[in-house]
Amino acid sequence: MTECHPKNMQLQDLNPFSSLRKVSGLLTIIETFLFLHIGFGSHNLEAIFRREGYFENEIQKNLNETIKLANSNISQASYDALVNQKLAEKYIPFYSLPTITSAISKVCVSIFLDNYGFWFARSFTIFFSFLGIILVFFTNVNNPYMMYISFPLLYGSNIGSFFSNIFITNLFPSVQGFFYMILRFSAIFENWVYTIAGF
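Residues numbered from 1 in each chain as written. Predicted model: local features only at pLDDT ≥ 70, side-chain atom pairs only at ≥ 80, totals over all residues. Heavy atoms only, no water.

(A) Representation of the pattern of salt bridges in the model. Counted by the stated rule, this structure contains two salt bridges. For Arg-50, the salt bridge identified is with Glu-46, shortest N-O distance 2.8 Å. Taken as a pair, Arg-50 and Glu-46 lie in helix 3 (residues 46-52) at a separation of four residues, close to a single helical turn. Residue Arg-50 is classed as partly exposed on the basis of its relative accessible area, which comes to 25%. Across the salt bridge formed by Glu-58 and Lys-90, the nearest N and O atoms sit 3.4 Å from each other. Residue Glu-58 is found in helix 4 (residues 56-70), and its partner Lys-90 is found in helix 5 (residues 76-115); the two are separated by 32 residues along the sequence. (Salt bridge = Lys/Arg side-chain N within 4 Å of Asp/Glu carboxyl O. Helix = DSSP H or I, 4+ residues; strand = E, 2+ residues; numbered from the N terminus. Buried < 20%, exposed > 50% of the residue type's maximum accessible area, 1.4 Å probe, protein only.)

(B) Structural detail: the nonpolar core. Phe-49, Phe-55, Tyr-91, Phe-94 and Met-147 are the most contacted members of the largest nonpolar core, which has 16 residues in total. Elements with a minimum of two residues in this core: helix 3, helix 4, helix 5 and helix 7 (147-165). For this core, the leading source of residues is helix 5, giving five residues. (Core = buried A, V, L, I, M, F, W, Y, C linked by side-chain atoms within 4.5 Å.)

(C) A look at helix 5. Taking 1.5 Å per residue, 40 residues should reach 58 Å; helix 5 reaches 60 Å between its end C-alpha atoms and fits that length. The complete set of buried residues in helix 5 reads Tyr-79, Val-83, Leu-87, Lys-90, Tyr-91, Phe-94, Pro-98, Ser-102, Ser-105, Val-109, Phe-112 and Leu-113. Gly-117 sits one or two residues past helix 5 and shows a positive phi near 100°. (Expected span 1.5 Å × (residues − 1).)

Structure below.
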């Protein structure tokens, strides 16, 4: 029986840029830049939601009824300020829920990695990312509350996928820090995407 000794290993086994590792690294980068960043930029979506009028009809309707019942008159500036205040209150959960789902996702991925392996953890995050994308299609002005489910689910699952992708850096021990830096660059890339989408 041949011992597993560095002298018995082939050069390509020690080479972090062997063909299989190249493919794994390339696919990880492509996935990170073309898919995982979609959820990372959810904090930039408020401007888009406000422009499209999410919650405005509901808030204005409730505010008009309150003013009518109180039999009071307010200036347009005060009215607009109240609408903006109510809108801000609507978006508070939109910022807190993704943080919660991402924390839960990372805990689940950690448990799955230790007990069931990499691909089970990956399947878990990809399934819920796909579910989040499906729910995004049902998020619109007429159904604004769906954004409390769709985007946090997408964000949390993508954070879990990115967390699992970090372990791919172990395939490149000599350039592990550089490879991780490339993956983290997606956090900058996604802001460009949402900035362009905001125009």
